[in-house]
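Each chain is listed here by its residues.
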Amino acid sequence: MAYKKTEHYDEKTTAGLIENYREVLNLVGEDPQREGLLKTPERLAKAMQYLTQGYQLDAAMIINSAKFHEEVSEMIVVKDIEIYSMCEHHMLPFIGKAHVAYIPNGWITGLSKIARVVDVYARRLQVQERLTIQIKDAIKDTLNPLGVAVVIEAKHLCMMMRGVQKQNSVTTTSAFDGEFLKNATRSEFLKLITAKLD
Ligand SMILES: [Zn+2]
């Protein structure tokens, strides 16, 4: 086998989560010994560590691992980056898309690194507003570009499944810096992320 993907979960964290999730099952009126639920606390313990892996990741390290000197001064846009995050108020998912742009000032990074930086902050307990700003700041601090723009559109399961039960509302947040504070640049970016290529 030339390629093998391995997953690693911290043993102590996993054991602690398993114990607590068994208790959660009890408290919601389930029987953790029921066949279908026997391995659920373990699966959930692993899923939760996967969904919060961003705490162990460093956005600056990821960008600096693929930082190239390049005399490009055109806007670079990566759009429709999928977001799978969890709101910190209910620990329910919010899912959507991020659109990220920057105007280089001598340095660029790999396009996939932009998507990975989005994940660094999305794979934590979040509020969409902070997630947007953290992505913008990570790019600003590492590449020192002439401008950065981040727009996130997401649906929040805590609004859809409970509370006000609004299934179709989408929350949009944005963060702009540098050149993107100018109307013309910002409009060009917004046009690019809403345009259909065909
Ligand atoms: Zn929520």
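Calculation rules
- Residue numbers run consecutively from 1 along every chain, following the written order of its sequence.
- Thresholds applied to this predicted model are a pLDDT of at least 70 for local features of residues and 80 or more for the giving and counting of side-chain atom pairs; totals over whole chains, interfaces and linings are not thresholded and use all residues.
- The basis for every side-chain value is the complete set of non-hydrogen atoms in the structure, without hydrogens or water.
- Each axis is a line fitted through C-alpha atoms, taken for helices only over the stretch in contact, and angles between the N-to-C directions span 0 to 180 degrees.
- Only DSSP runs of H or I reaching four residues or more are called helices, and only runs of E reaching two or more are called strands; each is numbered from the N terminus.
- Geometric relationships in this document are graded by angle, where less than 35 degrees denotes roughly parallel, more than 145 denotes roughly antiparallel, 65 to 115 denotes roughly perpendicular, and other angles denote oblique.
- Left-handed describes a crossing whose near helix is turned anticlockwise from the far helix through less than a right angle; right-handed describes the clockwise counterpart.
- We call two residues in contact when some of their heavy atoms are within 4.5 Å.
- Put simply, Ala, Val, Leu, Ile, Met, Phe, Trp, Tyr, Cys and Pro go in the nonpolar bin, Asp, Glu, Lys and Arg in the charged bin, and everything else, Gly too, in the polar bin.
- Pairing between strands is defined by DSSP: at least two bridges between them are needed.

**Student:** An account of the packing of helix α4 (residues 111-122) against helix α5 (residues 128-143) is requested, with residue identities and associated values reported.
**Tutor:** At a minimum axis separation of 9 Å, α4 and α5 run at an interaxial angle of 135°. When the axis of α4 is compared with that of α5, the two are oblique. Seen from above, α4 lies across α5 with right-handed handedness. Where α4 approaches α5, its residues I114, V117, V118, Y121 and A122 are matched on the opposing element by L131, Q134, I135, A138 and I139. Class assignment for the residues of the contact of α4 with α5 results in nine nonpolar, one polar and no charged.

**Student:** Which residues make up the pairing of strand β2 (residues 76-87), and what values do they have?
**Tutor:** Note on strand geometry: in a regular strand, side chains alternate between the two faces of the sheet. Here β2 pairs with strand β3 (residues 93-103) via nine bridges, running antiparallel. For I81, the partnering residue across the bridge sits in β3 and is A98. Where β2 folds back on β3, the antiparallel hairpin that results is connected by five residues, among which M91 adopts a positive phi of roughly 55°. Strand direction decides the pairing type here: β2 and strand β5 (residues 125-126), joined by two bridges, are parallel. Considered in β5, the bridge of C87 is made with Q126.

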